[in-house]
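Here's the letter readout for the chains.
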Amino acid sequence: MLRLPEFEYHRPTSLSDAVGLMGELSGNAMYIAGGTDLVPNMKHGLFEPRHLIALKGVSELKGIREDGAFLRIGGAETLTAVSQDLGVRTRFPALAEAAAHVAGPQLRNAGTIGGNVCLETRCTYYNQTAFWREALGYCLKKDGDVCHVTKVGKKCVAAHSADTPPVLMTLDAVVVLVGPRGEREVPIRDFFLADGISNTKRETTEILTEVRVPLAAAGRRQAYVKLRQRKSIDFPLLTVAIAAEMEADGTVGSIDGVVTALGSRPRVLTGWGEVAEGRKLDADVIEELAIRAHKQCHPLENITVDPEWRRAMVPVYVRRALARVTVD
Amino acid sequence: MPATTDIVRLIVNGDRHEVGVPTHFTLLETLRYVIGLTGSKQGCDKGDCGACTVIVDGEPTLSCLMPVWEAEGRQVTTVEGLATAAGPHALQDCFDLNGAAQCGFCTPGILCSAAVLLTRNPSPSREEIQEALSGNLCRCTGYSKIYDAVEAAGRRLLDAAEAP
Ligand SMILES: Cc1cc2nc3c(=O)[nH]c(=O)nc-3n(C[C@H](O)[C@H](O)[C@H](O)COP(=O)(O)OP(=O)(O)OC[C@H]3O[C@@H](n4cnc5c(N)ncnc54)[C@H](O)[C@@H]3O)c2cc1C
Ligand code: SF4
Ligand code: FES
Ligand code: FES
């Protein structure tokens, strides 16, 4: 039995009320959407807000619709809704795929896209009960002053572990944040920081209201693959998202690859354009891209499975993803 | 300092409940320790196992992660609500006949996930059953007999619907 710390639960129905409440309760409140990340973390004593502000009832955070140049996905839409939405499935199949591979069915019914983008980083030494963490000695991310992963470093390297952000990055999506100081848009490529303690640019008072995916990206060939121990429930050990613009003659116009579940933010693979642009995605190009990815990825002991094996899987999963990009 | 309490209004298996709960309770804690419905199991208590699965407005839901307030005003069905006065649910009967439960700890959650599946699709393929139950762990059976039981229950529901 894992007890939650005590809190009061607030259920605003409008965005302005939600942000207003956060202002009133400031410093002592957190937003909660599906709660599938926050509730286990609170049960582990990692967060102890006195107030929770629920986002599921906020009407402005609902809906998936095409509007102007974007597909707009409300921040509180569930992963089940995102994975089943016809517009998402036809235009952004890799996003539908990523959402459909988060956790298991019940968690996708509750978990939201906003919560997925704002997911807390994960680490073997962090996602544990208070008892467990105390027994080992606390770490930098919570209550301590050492990192059990790097031993020497003064930086937390807990793993970014969410499935949809890598895909959203290859599609040049934008996240919309609304807080006490108003609204701002942040390209998701710039949203994540290399700091495991707090790895996004979202201020704690800001609500992620919408994910905007440019419809212009719908023409890209997309792929998403995920490595995990079991085919369901488990967080990723590695994910690879790829999107490529193909020319009429079958050569690559542009190509983007993003991997995650390694460090504290998703990694944009570099140097792919110079390898692939102007060439067909044949076996040679695929091999060169896989080698580049392997060189750039250095998994750590931040999640349970052997980093050397996870590293060896990088080229394997890049090849698999590229094979999907080439399929019509 | 005693925990803050408040009154929550729930509809569980068709019955209305108006009960005082500590404001930090989950739906599972309220069902088990306030209302006294102990069918839904407290397994991992953190989203990993599915033993606490109940049906909220037609969707399989992990009650160990749901703050009780999120269930207010919605239709909650637990394993206790599957049987009717006429007898056990087809799934319950077929789990029995197929030996689909051993220790039984996972069974209430699996019955809830499977009941939603069969409501939507009484003749699911093996893959569809696997997908629908992919958030429910069973450490005893190896799953095969569970899938057999769900198939058998689906057939029985279809036969009953087609019977003159
Ligand atoms: C067993 C298990 C397996 C899992 N497997 C996976 C997996 O494979 N892949 C994966 O990606 N995730 C996984 N998850 C994590 C989680 O279920 C999902 O990431 C989900 O999308 C989180 O969304 P939520 O709405 O439940 O977030 P919550 O728990 O409600 O919130 C998470 C965090 O984001 C903040 N937040 C939420 N919504 C907003 C918003 N709109 N604006 C601002 N801040 C917000 C909250 O304050 C909190 O800090 C798993 C969880 C469990 C328990
Ligand atoms: S990476 Fe280090 S500091 Fe960060 S959670 Fe893990 S052990 Fe703690
Ligand atoms: S008890 Fe809820 S998922 Fe295990
Ligand atoms: S019957 Fe024992 S866990 Fe499923």
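Residues numbered from 1 in each chain as written. Chains lettered and ligands numbered in written order. Predicted model: local features only at pLDDT ≥ 70, side-chain atom pairs only at ≥ 80, totals over all residues. Heavy atoms only, no water.

Counting secondary structure elements, chain B contains five helices and five strands. Relative to the globule expectation of 15 Å for 164 residues, the C-alpha radius of gyration of chain B, 16 Å, shows essentially globular dimensions. On the principal axes, the C-alpha backbone points of chain B span a range of 55 × 35 × 20 Å. Counting across all 164 residues of chain B, residues that qualify as buried make up 51%. (Helix = DSSP H or I, 4+ residues; strand = E, 2+ residues; numbered from the N terminus. Rg over C-alpha atoms; globule rule 2.2 N^0.38 Å. Buried < 20%, exposed > 50% of the residue type's maximum accessible area, 1.4 Å probe, protein only.)

Time to look at the overall build of chain A. Looking only at helices and strands, one finds 12 helices and 12 strands in chain A. With respect to the principal axes defined by its C-alpha atoms, chain A has extents near 60 × 50 × 35 Å. Evaluated residue by residue, chain A yields a buried proportion of 59% over its 328 residues. Summarising the internal contacts of chain A: among those between residues at least 6 apart in sequence, 62% fall at separations of at least 24. Approximately 13,500 Å² of chain A is accessible, and the part contributed by carbon and sulfur atoms is 50%. Counting 41 positive and 40 negative side-chain charges, chain A places the averaged centre of each group 4 Å from the other. (Contact = heavy atoms within 4.5 Å. Areas by Shrake-Rupley, 256 points an atom, 1.4 Å probe, with all protein chains shown as cover. Lys, Arg positive; Asp, Glu negative; His and termini not counted. Charge placed at Lys NZ, Arg CZ, Asp CG, Glu CD.)

A separate point is the sheet that holds strand β4 (residues 59-62) of chain B. What links the strands of a sheet is backbone hydrogen bonding, and the strands pair in either a parallel or an antiparallel sense. Residues and elements named next belong to chain B. Taken in spatial order, the five strands of this open sheet run β2-β1-β5-β3-β4, and their pairing is mixed. Looking along the sheet, the strands with just one partner apiece sit at the ends: β2 (15-22) and β4. Each adjacent strand pair in this sheet contributes to an overall mean axis angle of 45°, direction not counted. As paired elements, strand β3 (residues 53-56) and β4 share four bridges and run antiparallel to each other. Residue pairing in the sheet places V56 in a bridge with E59 of β4. Running over the sheet, helix α1 (residues 27-35) touches β1 (5-12), β2, β3 and β5 (75-77) and is turned about 100° from β2. Helix α3 (residues 107-120) contacts β3, β4 and β5 of the sheet and is inclined by roughly 35° relative to β3. (Pairing = 2+ DSSP bridges. Axes fitted to C-alpha atoms, helices over the stretch in contact; angles between N-to-C directions.)

Here the focus is the site of ligand 1. Looking at ligand 1, there are 36 residues lining it, with A:Y31, A:A33, A:T36, A:T112 and A:D163 nearest. Two or more chains meet at ligand 1, and those chains are chains A and B. Backbone polar atom of A:A33 to an oxygen atom of ligand 1: 2.7 Å apart, as the coordinates give it. Residue A:K226 places a side-chain N or O atom 2.7 Å away from an oxygen atom belonging to ligand 1. Its free accessible area being 970 Å², ligand 1 has 98% of it covered by the protein chains. Counting only elements with at least two residues in the shell around ligand 1, the list comes to β2 (29-32), α7 (113-117) and β8 (207-214) of chain A. (Near = heavy atom within 4 Å. Polar contact = N/O pair within 3.5 Å; in protein donor to acceptor, adjacent residues only side chain to side chain.)

Below, the discussion takes up the packing of helix α2 (residues 90-97) of chain B against α3(B). All names here are of chain B. Put simply, α2 and α3 touch, their axes get as near as 10 Å, and they point 125° apart. Of the possible angle classes, the one that applies to α2 and α3 is oblique. The crossing of α2 and α3 is right-handed. Residues L91, Q92 and F95 of α2 form the contact with α3, whose participating residues are T107, I110, L111, A114, A115 and L118. (Parallel < 35°, antiparallel > 145°, perpendicular 65-115°, else oblique. Left-handed = near helix turned anticlockwise from the far one by under 90°.)

Residue and element names in this part refer to chain A. On the surface, K155, K201, R265 and R267 cluster together into a positively charged patch. Relative to the elements of secondary structure, R267 occurs in strand β12 (residues 267-268). Note on R267: relative accessible area 38%, which makes it partly exposed. (Patch = residues over 30% accessible without salt bridge, like charges linked within 9 Å, V, L, I, M, F, W, Y side chains within 5 Å. Salt bridge = Lys/Arg side-chain N within 4 Å of Asp/Glu carboxyl O.)

To continue, consider the packing of aromatic side chains. All names here are of chain A. Counted under the stated rule, the structure contains four aromatic pairs over all chains. With 6.3 Å between their ring centres and 50° between their planes, F7 and Y9 make a pair best called tilted. Taking the relative accessible area as the measure of exposure, Y9 reaches 11% and is therefore buried. Judged by centre distance (6.4 Å) and plane angle (50°), the ring pair of Y125 and W132 falls under tilted. Above the face of the Y126 ring, K141 is positioned so that its terminal group lies 4.6 Å from the ring centre. (Phe/Tyr/Trp six-rings, centres within 6.5 Å; stacked < 30°, edge-to-face > 60°. Lys NZ or Arg CZ within 6 Å of the ring centre and 35° of its normal.)

Residue and element names in this part refer to chain B. Looking at chain B, the domain boundaries give domain 1 (5-78) and domain 2 (90-162). Computed over C-alpha atoms only, the centres of domain 1 and domain 2 are separated by 22 Å. Counting residues at the interface gives 16 residues for domain 1 and 11 residues for domain 2. Summing the contributions of domain 1 and of domain 2, the shared interface buries around 950 Å²; its carbon and sulfur component is 65%. Among the residues domain 1 hides against domain 2, the three largest losses belong to K41, T53 and I55. Together they make up 37% of the total. (Domains from an automatic or database assignment. Buried area = accessible area lost by both parts, 1.4 Å probe.)

Residue and element names in this part refer to chain B. Extensive coverage of α1 is indicated by the burial of seven of its nine residues. Turning to α1, its buried residues number three or more, namely L27, L28, E29, T30, L31, R32 and I35. Buried-residue contacts for α1 involve β1, β2, β3 and β5. Where α1 terminates, the next one or two residues include G36, which has phi positive at roughly 90°.

Attention now goes to the domain arrangement of chain A. All names here are of chain A. Here chain A is partitioned into domain 1 (59-119 + 159-216) and domain 2 (220-325). Its C-alpha centre places domain 1 at a distance of 20 Å from the equivalent point of domain 2. The partner domain 2 presents 27 residues to the 30 residues of domain 1 that form the contact. For the domain 1 and domain 2 pair, buried surface summed over both sides reaches about 2,200 Å², with 57% attributable to carbon and sulfur atoms. Area buried by domain 1 at its contact with domain 2 is led by A159, H160 and T170, which between them contribute 23% of it. Linking domain 1 with domain 2 are four salt bridges.

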